[in-house]
Each structure stands twice: as C-alpha cells, then as structure tokens.
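Fold and contact review
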Amino acid sequence: YYLNLQYRVFRLLKMGMGEDGSCHIAALLPFTEFGMGGNRINQQRYATQHAFSNMAAALMAMEDFNARDSRIVPELSDDEFTECDVKLSLSVLDDGSSNDFTVSNLLNHINDMSGEICGIAGVNDNFAAREAAVLGAAFDVPYITHAAETSKISRTPLFRLSAKISADEFFRADALIKYLASIGRTHIMLVYSAVHEDIIRVITLAGKENGVDVRTEIFQPPFASTGVGSPLDAMRRVKESGFRTIVLAPARVPHLVYIAQAAQDVGIDTDEYLWFAYDVVDLDIIAESVKTQPGDPLDNLYSGMGSVRTLDGFAFKDDDAFLQAWKENDEEFVSRLNTLNPIAPQMPGFIFAQPNYFQDERNFPILFSSFMYDTVVALGMGACRARNIMINNGTSSPLQIPQQVNFNPGLNLQYNETVKLQFQGASGMVNLLDGFSYTRDIDTFTFGA
C-alpha cells in the first residue's frame, strides 16, 4: 500500500503553496460518525452538530487569517504576517471517524486538487488521525489534528510532518488521576474495550506517577453473558475487588448499555460507587442517548457519572474572544458556511444553517471548535513564515533553501516553521515544541471534571 502511495506521490504535479502564495487546506471532520453515542439517529445528529461547529470554526479561522484580523489571535497583526502574501482556501471533508473514510476521502481530494494542498487539519478519532498523519508525511504536507490525542503522532518518520493542537492522551489521563486522587479516590478500576490498550498504558503510567492503584477489567463484543469479554463477569469481578471508583473506556458509547445493565444486575450502580467516562465518551452524547431511552439502566448510571475533558475557553468564560466572534457571524457568513458543507442535502449528516444560526443560543459552539480555529490559523502562519524565508532567499521552492535555515534538516520547511510558532490562540497559548512529540505544553490546557 505505502509503495503504491509513494508512486502516486511522484505522479502529482506539485504539493504545498502556490507560487502566488496560495495555500489550500483540507479539513477532515466526522459528519457521519456512527460511533459517538446512543442510537444511530442520535449518533448522526450529535456528530453532525459537532462537525458543523468545528467547520464553522475552520471557516472563521481562514477568513480571519486572510483579513489578518487579530480579534482572536493578536499575533496576526505582526508585520511578518501582515506583510506576507499567503492566502488560505479551505475544503472540508467527511472523515467518518474511521480509517477507511479518512484515507479514501483525503486521497480523492488530493487527486481532485492535483496535489495543490499545503495543509491537512482535523480528524477526531485517534486511529484515523494516524492515517491522516501517514498520508501527510507521504505527500510532504503538514498535518495538525485539533482533537485526536494519540501519542503515536510524534517525531517518528512515519508521522514526520504531524503535530497536535489538542492535548496529548497522557495529559488527560494525568488530569483524571490527579482529580480522583484529590477527592480521595486512590484505588481505580479501569474497565475498557480491547481496542483501547493505549488507555491502559497512559492511565497506568499516570497512576504510578501519582501514587494511585489502577487495576483493569476488559469487556468486548459480542458481550456474552459469561466468559471472555462478558460485561456481567467483569462487573462481578469489580464488585469482588472492593474498588469503588470505576473508569469506563468503551470502544463505542452504545456499549455502555451492556455495562449499565451488568452493573445494575450485580448491584454496583449505587451512590457507593463513583463512575467516570473516558476517551470516546462525552457526557453530552450519553445525555442524548438517555433522553430517548427513559428508564434504561444507563439512565441511572449516567445520573452519577463524571467525565474529564479538555475545555474550550468558551465553555467557562463569558468574555471569551472566540465566543464573541462566533456570535457576530452574519447571514453572509452563514451562506458561505452552508456552501462549504461536504454533505449533500437530504443525506445523513447534513445540516442547513438558518441566517440567524450564530445568534441562536441553541447553536453554542461545540467541543474542540476553538482548537480547530487555532489549527487552521497555525497552518496559515507557518505557511507565511516559510513563504517569507523563500522570498528572502530568492526562490519559490523550499527545496532550494539553504540547509541551515531548516529547523530540522530534511523536513518540510512549512512544517518546521509551523511547529516553531508561539501565539495566543482561541484555545489558549499555542506552542507545539513541548515534550517528546509535537504537542502543546500541558499548562496551556484547561481540563474540566
């Protein structure tokens, strides 16, 4: 597969910025995500709302960058950006939160654009984000995820042009463990699906670093009544362990129904137990599910369940600059947003925004919207810096730049300049050079329980 992919790379006319400074960004979002929660109707509705909100943020970022509007990112008024001729354009693709959707839709779009892409943004799912990172490296295009947390997007050759605006998975695990320890919960049972072996690694490591005892139990399809992967057997063992703090990490939110039923059957869905949701679980999604299933065991479990997540500034600050800009989007912006939608009318995952969409309080921005804004802005700012370097060296080709100019010799010039950025973004201070991978410093994130 990758040999064939490399062959296709050489067939492309060109990648990266145009000679006139044009820079096209492909953003991938989960418009048709079927794995996020509840029944399939609710999964589509919430996932689509999530993707639509993130798409709006991407469009806001593109337009603010092109206008060098510094209302959200003050650094856009700096001379190096105002005097730069880079202009962004944007396409939005459905990633389906699946590897297959991500790869096929991105490859098709690259072919449709004749390779004229200078940045890839987005993807929520950890596994799909890795695929996007591989494609970015193969096509020599910087890739930044706004929501995926996988530590495997790092400096390794396979992911050589990737970075995360989002928090690393260990950061959230550490935040969860620290919070539980602060309320006296130092014995934790992690109940996980087989696909989430990475979660065992990060939560166990966070437990060791914070003096918390972490044990594990597994459940998995086909959810037999007994034997390997049985939710009922897992809940029985949890009860026998004496642990009263349970962290759930299912592969899919609908799988919580099996755990909820098993917990009720063995009598551990009481106030004596503290339940927390992790990874793919968003309490808003569970709430959507519960609303359509009154009396379900999940209702009882949800009512006492907590969650730790990365927070956008607009979630806790009334004067948030991104939120104020969001509310100011007018009818013309809504028209451009509707045009950008990758989903055809009448198809699952389609939303048509009304002219007053951004003034309707029901359409509050959704999780990771500010992170998507910063992702697009970062790709534009990195392109500007690379463009300025090329112009100063009298060339339109980054391949002709003297080796010493590159931050990391052999890597993409635009990527090198992007990961060196430091700016005050919609999601907080953005600095991508922290730690073992190209991700932000943990102190730049706000976690909420």
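Quick notes on the rules
Residues numbered from 1 in each chain as written. Predicted model: local features only at pLDDT ≥ 70, side-chain atom pairs only at ≥ 80, totals over all residues. Heavy atoms only, no water. pLDDT = per-residue confidence, 0-100. Helix = DSSP H or I, 4+ residues; strand = E, 2+ residues; numbered from the N terminus. Contact = heavy atoms within 4.5 Å. Phe/Tyr/Trp six-rings, centres within 6.5 Å; stacked < 30°, edge-to-face > 60°. Buried < 20%, exposed > 50% of the residue type's maximum accessible area, 1.4 Å probe, protein only. Lys NZ or Arg CZ within 6 Å of the ring centre and 35° of its normal. Core = buried A, V, L, I, M, F, W, Y, C linked by side-chain atoms within 4.5 Å.

**A word on the confidence of the model for the protein**
- Per-residue confidence for the protein gives a mean pLDDT of 84, with 83% of residues at or over 70.
- When pLDDT is averaged over each helix and strand of the protein, the minimum, 43, is found for helix α1 (residues 2–11) and the maximum, 98, for helix α13 (residues 331–340).
- Counting contacts from residues 35–40, a segment whose pLDDT is below 50, to residues more than four positions away or on other chains yields 20 contacts.
- Taken together, the stretch residues 403–407 has pLDDT below 50 and engages in 9 contacts with residues farther than four places along the chain or on a different chain.

**What about the packing of aromatic side chains?**
- Taken as a whole and judged by the stated rule, the model has 15 aromatic pairs.
- Taking 6.2 Å as the distance between ring centres and 55 degrees as the angle between the ring planes, the aromatic pair formed by Phe171 and Phe445 counts as tilted. One end of the pair, Phe171, is in helix α6 (residues 169–182); the other, Phe445, is in the loop between β13 (428–431) and β14 (447–448), and 274 residues separate them in sequence. Summarising the burial analysis for this pair, Phe171 and Phe445 share the class buried.
- Measuring from centroid to centroid gives 5.0 Å for Tyr357 and Phe358, while their planes differ by 80 degrees, and the two rings are edge-to-face. As far as the burial class goes, Tyr357 and Phe358 line up, both buried.
- Through pairs of rings, three or more aromatic residues link up here, namely Phe52, Phe314, Phe322, Trp326, Phe333, Tyr357, Phe358, Phe364 and Tyr373.
- A cation over an aromatic ring shows up here: Arg68 above the ring of Phe65, its NZ or CZ 4.2 Å from the ring centre.

**Here's the deal with the nonpolar core**
- Membership of the largest hydrophobic core comes to 95 residues, with the highest contact counts inside it found for Val86, Ile203, Val247, Phe322, Tyr373 and Met381.
- Among the elements that line this core, the one with the most residues is helix α14 (residues 369–392), at 13 residues.
- With residues up to four places along the chain from it excluded, the contact list for Val247 reads Leu176, Leu180, Ile188, Met189, Leu190, Val191, Ile203, Phe276 and Tyr278.
- Judged by nonpolar contacts, the second largest core, of 25 residues, contains Leu232, Met235, Phe243 and Ala277.

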